[in-house]
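Overview (structure and organization)
Residue strings, one per chain:
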Amino acid sequence: MSAGAQPHLNHRPRQRGLAALAALLVLLFCAGTGLAGPRPVEVSVLMPAPFADATAPLVAAFNRDHRDLQIAVTRGPLDTEALSDLAISSLLLGDTPYDLLLMDVTWTPKYAAAGWLEPLEPLLGADALAGMAPGAQLGNAFAGHLWRLPLVADMGLIYWRTDLMRVPPRTLQELRDSAAQLEGRGVVPWGYVWQGRQYEGLSCVFLEVLRGFGGHWLRPGEEHEPALDSPEAIAAARWLAGLVRSGITPEAVANVSEADALQIFGAGEAAFMRNWPYAWAELQKPGSAVAGRVGVVSLGDGTQGSWGLSMLKGSAHPQQAAAVMRWFTGEASSRELAERYGYTPVWQSLLNDPQLQQQLPLLPVLRQALASTALRPLTPVYAQLSDVLQRQLSALITGSGSPEAAMAEAQRQSQLILQAAGPVA
Amino acid sequence: MSRTSLPLLLAALGWSLMPLLWQLLTSLRTAEALVLQGAGAWLQGWTLDNYRLVLQGDPPFWRYLLNSSLVGAASTGLTLLLAIPAAYGLQRQRPALRGALSLALLAAAMFPYVLLFLALLELARALGWGNQLLALALPYAGLSLPLAVLLLRAAFADLPEELEDAARLEGLNLWQRLRRVLLPLLAPAIASTAILVFLFSWNEYPIALTWISRADLLTLPVAMARIAGSSVYAVPYGAFAAATVLGALPLLALVLVFQRQIVSGLTQGAVKG
Amino acid sequence: MTLLLLLPALALAAAVFLWPLLRYGWLSLQAHSVLTALVPVPNGGANWQRLLADGRFWQDAAQTLRFAGLSVGLELLLGLSLALLLHRPLPRRGLVRAVVLLPWALPTTVMALGWRWILNDPFGPLNGLLRSLGLPAYGFLSEPRSTWLFTVLADVWKTTPFVALLLLAGLQAIPAELEEALRLEGANAWQRLQRLTLPLLAPYMLLAALFRLAQALGVFDLIQVLTGGGPASSTESLALYAYLNAMRFLDFGYAATVMLGMFALVLGLSALVLVGQAMRRRWAAAGLTP
């Protein structure tokens, strides 16, 4: 290397050092100004992926409008049970990263009894549910405290084919007769499709039939006594099993969940379907074989299936989380969700709103249905009770045993469970 | 090739590929087309929407592939780092101790690990390892170690003693002996062990589900569980199928590249002891 | 000194395996559930008494054993056939092996959903095939007597490649001269298989059987996605039952007990297999081969 190159090389490190120092100063300056202002409080919410997607525009708007309070939504798994797993795993050791959790209605007593939830009356007042439809108010309070604010309030509905009949059935008997007729004539392979797989959906279906016969899961007034061996419960079980044995509902129902039922009905293969309100929008989509030929009706107490926000104990900012909760479930957000995604609003005012009705033709049905719904037993051991019922019903549906024996066994096991639960339930 | 081989071969390939090909088919169909019956059903309902849905998610799909690869690489690296010396040490023990330890490792290797995730979660929380990708490598390595140590020990057992003795006589210390003499001979076994560990960590679900909740840190199986339909009741078969196909491509590539090592590695003595 | 080399690996493995087992042991002696507000309350052996009297545990144990037995049996059979096939000179051997290996490389939960669609009644392709052949559709996943067979099918599809690989390793370890010698003696393929291949392959088959048996006894996510334990609880496995108790019922004391009970079962069965194998070897050595 020539001698002339040396001095040039010597300058390089010094220039580089000065540049680095300048960059560092700029960085410190920026960081300093960033640190000078208060960091916004971040309220983190865990909700299933579909809800997270649906509320994303709302949340983005909120975050734009509020500089000091930001909502961070974590997309949980699609599957209800997987979300519960994730939430429970997070909660098991106390230190959870979430402030709010979007919960299914059946989880409330369990999470409350486990000490994972923050009571809401101190933060939101005793009348936080005032103005909500009666059916939506159920399932949020337990053991003297308010634990959750409902976001959407679904209930079981009967979907019927307007091109196969003039008027929908008004009772279970009419439903069965109509379905039997259509299936018998070969018009459709499935007279009536419902959720018969051995899972929570089966309990929901059975509860509706049970209420249709005037029975109850737990004896009213005595919350520790199951009523599954009552004549009404046996009649309900016989009715459900009878659908399969008489061929109105094919045996394949033993593996049908909501999605499968929707597939079958949406392909035009069924005259009636039991499903949640979400199915309506799905059936009106362009690819559906029955678009425009579907009606919806409620035959009485539909099983209530609401999703609501709860605050997790140990949240670092309960006040802000409560504010977010109130905003999320407030009328404005509710309206937006109803208009854009067809989510069932919980506010009576929205259910009565004529403008909303124009965009949601289903609204009158929802309004009527939410006046009276069937709530699944509000007890921390609900999962065990439902599990017992599912097992017996699934055996009955697949052709083994009698309704009397199945219900007697369900009653016996439920009694054991509730006895062990004792005062907590 | 003999006469009986060809139909058997085709049967074997068909058996392996058929469900995957069906997933490929499902991924290209609309939800409505899935329920169409009759001959005309195949003339309509083709779409790339499922792939669009999967690829346009936020964060993007390749992010999950990256996360899974990172965790896989870290697990594999950590496992090999611990297993190779352990296998060497195990091989050099007295037969009684070796047998006892091998039996214990075998028992551990056979344990249904899904049962462990609850207790492991406690550990994670206690040590603050939640939401850290590289921390996942620790339980994965721990779960893979028994099998890895057993496989590598058998491979070590196959090497002739004279080789190492000669190297020792040349004055090489342990580290040099390993690096220059033993490990190159062990390459196929190491490769097959690495593939096993990598595949295990790529496909693992319950631990990844509970340790990681931040969307941009998810591994592939957990991310796939969050592919959403329009409601909690919708099962997006098409989107899942598309994600399966996309997730299978790197695995196919990996398996194609390393299939020789897997087989020959197992050949070299998976079964001793 | 060589013992030191073992320590890091053993430490990590112990942390991952031993710690949970000890913790579950402790938990199984407590009442720790949502009913105790998640506070552990010692209750002696009450959980174990409950386990022994729990009909559902034993029913699930029987179902899990049935599943594992058939699954492993089929995998050994199919795996052996596959290994014998792959052992022959084939065109594009690398590609063939990669394709054959693919089912095992995919995550269980993902393919389980795929199988749920394939077996769907009425819209799945299998029923489509039946219909095109003029046969009635079949409720693969809704018939309580036969659903477990299809869970076996999904499991066998996924794990046969692993068994085939293991057995292929064993096949490649058989010296070619021995095979050649037998062929020159005039033994046909079946006789060669019986007299040479199978005996030499025995240790590999034993290892494959042990591994797969233990894994199959712990089957969980396949069942959960495919059937959820139904219909009529006919496919519920022990691991699924343990999971239900822990994550659904929030009864951790009992869940720990079920998990330990399951582990005891796995150990017991493996011990049985090993002892049986050792005894057979001893009989063979003493000249008492059947």
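Residues numbered from 1 in each chain as written. Chains lettered and ligands numbered in written order. Predicted model: local features only at pLDDT ≥ 70, side-chain atom pairs only at ≥ 80, totals over all residues.

1. Some thoughts on the overall build of chain B
Going by this rule: What counts as a helix is a DSSP run of H or I of at least four residues, what counts as a strand is a run of E of at least two, and both are numbered from the N terminus. Each residue is classed by its C-beta neighbour count within 10 Å, where at least 20 other C-beta atoms makes it buried, 12 or fewer makes it exposed, and intermediate counts make it partly exposed; the C-beta atoms are placed from backbone geometry.
Within chain B, the regular secondary structure consists of eleven helices and zero strands. Helices (α) and strands (β) of chain B occur, in sequence order from the N terminus, as α-α-α-α-α-α-α-α-α-α-α. With respect to the principal axes defined by its C-alpha atoms, chain B has extents near 75 × 60 × 30 Å. Buried residues in chain B amount to 51% of all 273 residues.

2. Describing the interface of chain B and chain C
Where interface size is given, it is often the accessible area lost as the parts come together that is meant. As a reminder of what qualifies: Residues are scored as being in contact if the C-beta atoms we place from backbone atoms lie within 7 Å. Lys, Arg, Asp and Glu make up the charged group, whereas Ala, Val, Leu, Ile, Met, Phe, Trp, Tyr, Cys and Pro make up the nonpolar group; the residues left over, Gly among them, are polar.
The partner chain C presents 71 residues to the 65 residues of chain B that form the contact. The set of elements that each furnish at least two residues to the side of chain B that touches chain C consists of helix H1 (5-27), helix H3 (61-91), helix H4 (95-110), helix H5 (117-127), helix H6 (133-158), helix H8 (174-203), helix H10 (220-225) and helix H11 (237-267) of chain B. A per-element tally of the side of chain B that touches chain C places H11(B) first, with 15 residues. A class-by-class count of the residues in the side of chain B that touches chain C yields 52 nonpolar, eleven polar and two charged.

3. Structural notes on the confidence of the model for chain C
Short version of the rule: pLDDT measures the predictor's confidence residue by residue and takes values from 0 up to 100.
Here chain C shows a mean pLDDT of 86. Residues at 70 or above account for 99%. Scored as a complex, the prediction yields pTM 0.87 and ipTM 0.85.

4. A word on the environment of A:Leu262
Residue and element names in this part refer to chain A. Relative to the helices and strands, Leu262 resides in helix H10 (residues 258-266). The exposure class assigned to Leu262 is buried, which follows from the 27 C-beta atoms found within 10 Å. C-alpha separation for the pair Leu262 and Val59, spaced 203 residues apart in sequence, amounts to 30 Å. Contacts of Leu262, omitting those with residues within four sequence positions, involve Asn275, Ala279 and Glu282.

5. Structural notes on the sheet that holds strand S7 (residues 157-161) of chain A
Residue and element names in this part refer to chain A. Going by this rule: A strand pair is defined by DSSP finding two or more bridges across the two strands. Angles run from 0 to 180 degrees between N-to-C directions of axes, and those axes are lines fitted to C-alpha atoms, restricted for helices to the stretch in contact.
Read across the open sheet, the four strands follow the order S8-S9-S7-S10; overall the sheet is mixed. Each edge of the open sheet is held by one strand with a lone partner, namely strand S8 (190-193) and strand S10 (294-297). For this sheet, the mean inter-axis angle between neighbouring strands, taken without regard to orientation, is 20 degrees. Sheet strands touched by H10: S7, S8 and strand S9 (270-275). Its angle to S9, the strand with the most contacts, is close to 155 degrees.

6. Points about the interface of chain A and chain B
Across the boundary between the two partners, chain A contributes 27 residues, which contact 22 residues of chain B. Elements represented by at least two residues in the side of chain A that touches chain B include exactly helix H2 (49-65), strand S2 (69-76), helix H3 (80-92), H10 and helix H11 (278-283) of chain A. Of the residues assigned to the side of chain A that touches chain B, the class counts are 14 nonpolar, six polar and seven charged.

7. Focus on the pairing of S7(A)
All names here are of chain A. Burial of S7 is extensive: five of the five residues sit out of reach of the surface. Here S7 shows a buried face lined by Leu157, Tyr159 and Arg161 and a second buried face lined by Ile158 and Trp160. Inspection of the sheet shows S7 paired to S10 by four bridges, in the antiparallel sense. Each residue of the ladder has a partner; that of Trp160, found in S10, is Gly295.

8. Some words on the confidence of the model for chain B
Residues and elements named next belong to chain B. Considering every residue of chain B, the mean pLDDT works out to 81; 91% of them sit at 70 or more. Across chain B, the element-wise mean pLDDT spans from 77 in H11 up to 91 in H3. Here residues 269-273 scores under 50 on pLDDT; set against residues more than four positions off or in separate chains, the count is 18 contacts.

9. Topic: the nonpolar core
Note the following rule: Throughout this description, the term nonpolar core refers to a group of buried Ala, Val, Leu, Ile, Met, Phe, Trp, Tyr and Cys residues whose C-beta atoms join them within 7 Å. For the purposes of this description, domain bounds are those given by an automatic or database domain assignment.
A:Tyr192, A:Val193, B:Val149 and C:Ala242 are the most contacted members of the largest nonpolar core, which totals 308 residues. Per-element tally for this core: the top contributor is H6(B), with 17 residues. A domain split of this core shows at least three residues from each of domain 1 (41-154 + 305-374) and domain 2 (155-303 + 376-424) of chain A. For A:Val193, the residues in contact, after removing those within four places along its chain, are A:Thr249, A:Val253, A:Val256, A:Ala261, A:Ile264, A:Phe265, A:Ala270 and A:Met273.

10. A short note on the packing of H3(B) against helix H1 (residues 2-27) of chain C
Convention followed: Angles below 35 degrees are treated as roughly parallel, those above 145 as roughly antiparallel, those between 65 and 115 as roughly perpendicular, and all remaining angles as oblique. Each crossing is labelled by how the near helix is turned from the far one, with a counterclockwise turn of less than a right angle marking it left-handed and a clockwise turn marking it right-handed.
Between H3(B) and H1(C), whose axes approach to 7 Å, the crossing angle comes to 130 degrees. Compared by their axis directions, H3(B) and H1(C) come out oblique. As H3(B) packs across H1(C), the resulting crossing turns out to be left-handed. Residues B:Leu82, B:Ala83, B:Pro85, B:Ala86, B:Tyr88, B:Gly89 and B:Leu90 of H3(B) lie in contact with H1(C), whose contacting residues are C:Thr2, C:Leu3, C:Leu5, C:Leu6, C:Pro8, C:Ala9, C:Leu10 and C:Leu12. Taken together, the residues of the contact of H3(B) with H1(C) sort by class into 13 nonpolar, two polar and no charged.

11. Quick notes on the pairing of strand S3 (residues 100-104) of chain A
Residues and elements named next belong to chain A. The element S3 is extensively covered by neighbouring structure, given that four of its five residues are classed as buried. Looking at chain direction, strand S1 (residues 41-48) and S3 are connected through two bridges and run parallel. Of the residues in S3, the one forming a bridge with Val45 is Leu100. Relative to strand S11 (residues 302-311), S3 runs antiparallel, the two being bridged by five bridges. Of the residues in S11, the one forming a bridge with Leu100 is Met311.

12. Points about the packing of helix H11 (residues 238-248) of chain C against helix H12 (residues 252-285) of chain C
All names here are of chain C. Two elements in contact, H11 and H12, have axes separated by 7 Å at closest approach and are oriented at 165 degrees. On the basis of their axis angle, the class for H11 and H12 is roughly antiparallel. The element H11 and its partner H12 pack so that their crossing is left-handed. The segment H11 lies against H12, with Leu238, Ala239, Tyr241, Ala242, Asn245 and Ala246 engaging Phe252, Tyr254, Ala255, Val258, Met259 and Met262. Along the lines of polarity and charge, the residues of the contact of H11 with H12 split into eleven nonpolar, one polar and no charged.

13. What to know about the environment of C:Met111
Mapped onto the elements of the fold, C:Met111 is located in helix H5 (residues 108-118). Separated by 43 residues in the primary sequence, C:Met111 and C:Ala154 place their C-alpha atoms 8.4 Å from one another. Discounting residues that sit within four places of it in the chain, C:Met111 has contacts with B:Pro19, C:Leu106 and C:Lys158.

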